[in-house]
Amino acid sequence: MSMPTFPKNDPPLSREGSLNEIIASIAAEELSLSHILNAEGEKLQYVLGTLPGLDEAASQDEVLRINQSVKDTLSGIIEQQMMLSSKLAAALKAPTIPGPAGPDGPAGPTGPDGAAGAAGADGPAGPDGAAGATGADGPTGPAGATGAAGPTGATGPRGATIEKGDLFGATGPTGAIGPTGVTGPNPTATAAFAANTQGPDFNVPAYSGVVIPLPDAQVMSADITANPENTMFQVNKKGVYLLSYRVNLTKPAQVGAKLLIDGMARYTTMVIPAAPTASFENQYVYLMNAGQTLQLQLCAAPLPGLSPKAQTVTLAGSGTGASLSIILLKEGY
């Protein structure tokens, strides 16, 4: 069985080049999202009949269906935007590594030698020894004194200092500014996203609900925390929040979903399908105080004229079975 082959980068990517490629890919994805948002805006203009050249607007039913389509697209774009923000923050925090040291400069020239000192004068000759007996030599006279050393020559000039090479290459030119994206809901830096992608089963009681844990794909700022079971999320800043959720089942079931705030059901956040449904979602703008908590709950959804009944449902496991997004739109109030 043959092994897969991958193309080689020529020249090879450096660490700095790899980070630039990652940031460039994030910018390209941001540009793609801006085009999608622009397309959704033109879709709404078309059905409302505000585009030049249209004779009449769409029907009410068509407007409602297009509005739901735009809502689905915006929900997915918000989730993708949070993922891109996390990737960009990680890339910008990556430490840079300095380049190798440049080569040492050449040594300076050697200074000239000092002049040699003058030779010392010879000492006086010793007296001749007395004549010895025939055939024996007389004793040798004493050696003369050593002459004084001559003066030391002057020190030669120091060679010129050579600067080391620059450690870093020249900074490249600034890239062109990209187009301005469509204005969004102006979220602050306080936000969170959590999901369940494991495909678990849930027994939904007839007259109560069951809280969904969301342990996967979590991206949370420091102002939002989760309990150890990942079933409860606490906001630690007071302000207006955009709360949105999505639930996907493996097959249609007569169940619904709602948000619990501080353990109490908020019925304005509830989705109760009129027929068995496999996928549903909702979003809600709410003023929350610091310390309040959020939970996503599955609940029984009775058919008209019938009592609710207990059911067992399974979340989708191939993608996002359930997710919750929390975005601070404006702090305070």
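Residues numbered from 1 in each chain as written. Predicted model: local features only at pLDDT ≥ 70, side-chain atom pairs only at ≥ 80, totals over all residues. Heavy atoms only, no water.

As for the overall build of the chain
And step 1. Along the backbone of the chain there are two helices and 13 strands.
And step 2. Each of the 333 residues in the chain was classed as buried or not, and the buried ones make up 26%.
And step 3. Across the chain, every contact between residues at least 6 apart in sequence was considered, and the portion connecting residues at least 24 apart equals 76%.
And step 4. Looking at the chain as shown, the accessible area adds up to about 21700 Å², and 57% of this sits on carbon and sulfur atoms. (Helix = DSSP H or I, 4+ residues; strand = E, 2+ residues; numbered from the N terminus. Buried < 20%, exposed > 50% of the residue type's maximum accessible area, 1.4 Å probe, protein only. Contact = heavy atoms within 4.5 Å. Areas by Shrake-Rupley, 256 points an atom, 1.4 Å probe, with all protein chains shown as cover.)

Describing helix α1 (residues 15-48)
And step 1. Look at α1: 50 Å from first C-alpha to last across 34 residues, which is about the 50 Å you get at 1.5 Å a residue.
And step 2. All buried positions along α1 are accounted for by G17, L19, I26, L33, S34, E40 and V47.
And step 3. Lining the buried residues of α1 we find α2 (60-92).
And step 4. Just beyond α1, the residue with positive phi is G49, at close to 80°. (Expected span 1.5 Å × (residues − 1).)

Notes on the packing of aromatic side chains
And step 1. As enumerated under the stated definition, the model contains one aromatic pair in all.
And step 2. Judged by centre distance (5.6 Å) and plane angle (25°), the ring pair of Y284 and Y286 falls under stacked. For the pair Y284 and Y286, a shared accessibility class is recorded, and that class is buried. (Phe/Tyr/Trp six-rings, centres within 6.5 Å; stacked < 30°, edge-to-face > 60°.)

Things to note about α2
Along an α-helix, a turn takes 3.6 residues, which lines up residues three or four apart on a common side.
And step 1. Helix length check: α2 (33 residues) gives 47 Å between terminal C-alpha atoms against 48 Å at 1.5 Å per residue, within 8%.
And step 2. Burial in α2 covers these residues: V70, S75, I77, E79, M82, L84 and A91.
And step 3. Where α2 is buried, its residues touch α1, β1 (191-196), β4 (216-220), β7 (239-253), β10 (277-288) and β13 (322-331).

Describing the pairing of β1
And step 1. Burial runs high along β1: six of the six residues are buried.
And step 2. The side-chain alternation of β1 yields two buried faces, one formed by A191, F193 and A195 and the other by A192, A194 and N196.
And step 3. Note: β1 against β13, six bridges, orientation antiparallel. From the neighbouring strand, A195 faces β13, where its bridge partner is S323.
And step 4. The sheet contact formed by β1 and β4 spans three bridges and is antiparallel. Residue pairing across strands places F193 opposite V219, the latter belonging to β4. (Pairing = 2+ DSSP bridges.)

Remarks on the sheet that holds β1
And step 1. Pairing in this open sheet of five strands is antiparallel, and the strands run β4-β1-β13-β7-β10 from one edge to the other. In this open sheet, the two edge strands, each paired with only one partner strand, are β4 and β10. Neighbour-to-neighbour, the strand axes of this sheet turn through a mean angle of 10°, independent of strand direction. (Axes fitted to C-alpha atoms, helices over the stretch in contact; angles between N-to-C directions.)

Some thoughts on the environment of G321
And step 1. Along the chain, G321 falls in the loop between β12 (311-314) and β13.
And step 2. The spatial distance from the C-alpha of G321 to the C-alpha of L214 is 9.5 Å, given a sequence separation of 107 residues.
And step 3. Apart from the residues within four sequence positions on either side, G321 is in contact with N196, T197, R246, V247, N248, L315 and A316.

Observations regarding the confidence of the model for the chain
And step 1. The share of residues in the chain with pLDDT of 70 or more is 80%, and the mean pLDDT across the chain is 80.
And step 2. Segment residues 164-168: pLDDT under 50, and nine contacts once partners within four positions in sequence are set aside and those in other chains are kept. (pLDDT = per-residue confidence, 0-100.)

Quick word on a nonpolar patch on the surface
And step 1. A cluster of nonpolar side chains, contributed by I23, L88 and L92, occupies part of the molecular surface with about 250 Å² of accessible area.
And step 2. Of the residues examined, I23 reaches a relative accessible area of 32% and is grouped as partly exposed. (Patch = residues over 30% accessible without salt bridge, like charges linked within 9 Å, V, L, I, M, F, W, Y side chains within 5 Å. Salt bridge = Lys/Arg side-chain N within 4 Å of Asp/Glu carboxyl O.)

Details of the nonpolar core
And step 1. Membership of the largest hydrophobic core comes to 33 residues, with the highest contact counts inside it found for L243, V247 and I326.
And step 2. Put simply, the parts of the chain that give this core at least two residues each are β1, β2 (201-204), β6 (233-235), β7, β8 (255-261), β10, β11 (293-300) and β13.
And step 3. A per-element tally of this core places β7 first, with six residues.
And step 4. Filtering out sequence-adjacent residues up to four positions away, V247 remains in contact with A257, A278, S279, F280, L296, L298, L315, G321 and A322.
And step 5. In terms of nonpolar packing, the next biggest core, distinct from the first, is built from six residues, M82, A191, A195 and I327 among them. (Core = buried A, V, L, I, M, F, W, Y, C linked by side-chain atoms within 4.5 Å.)

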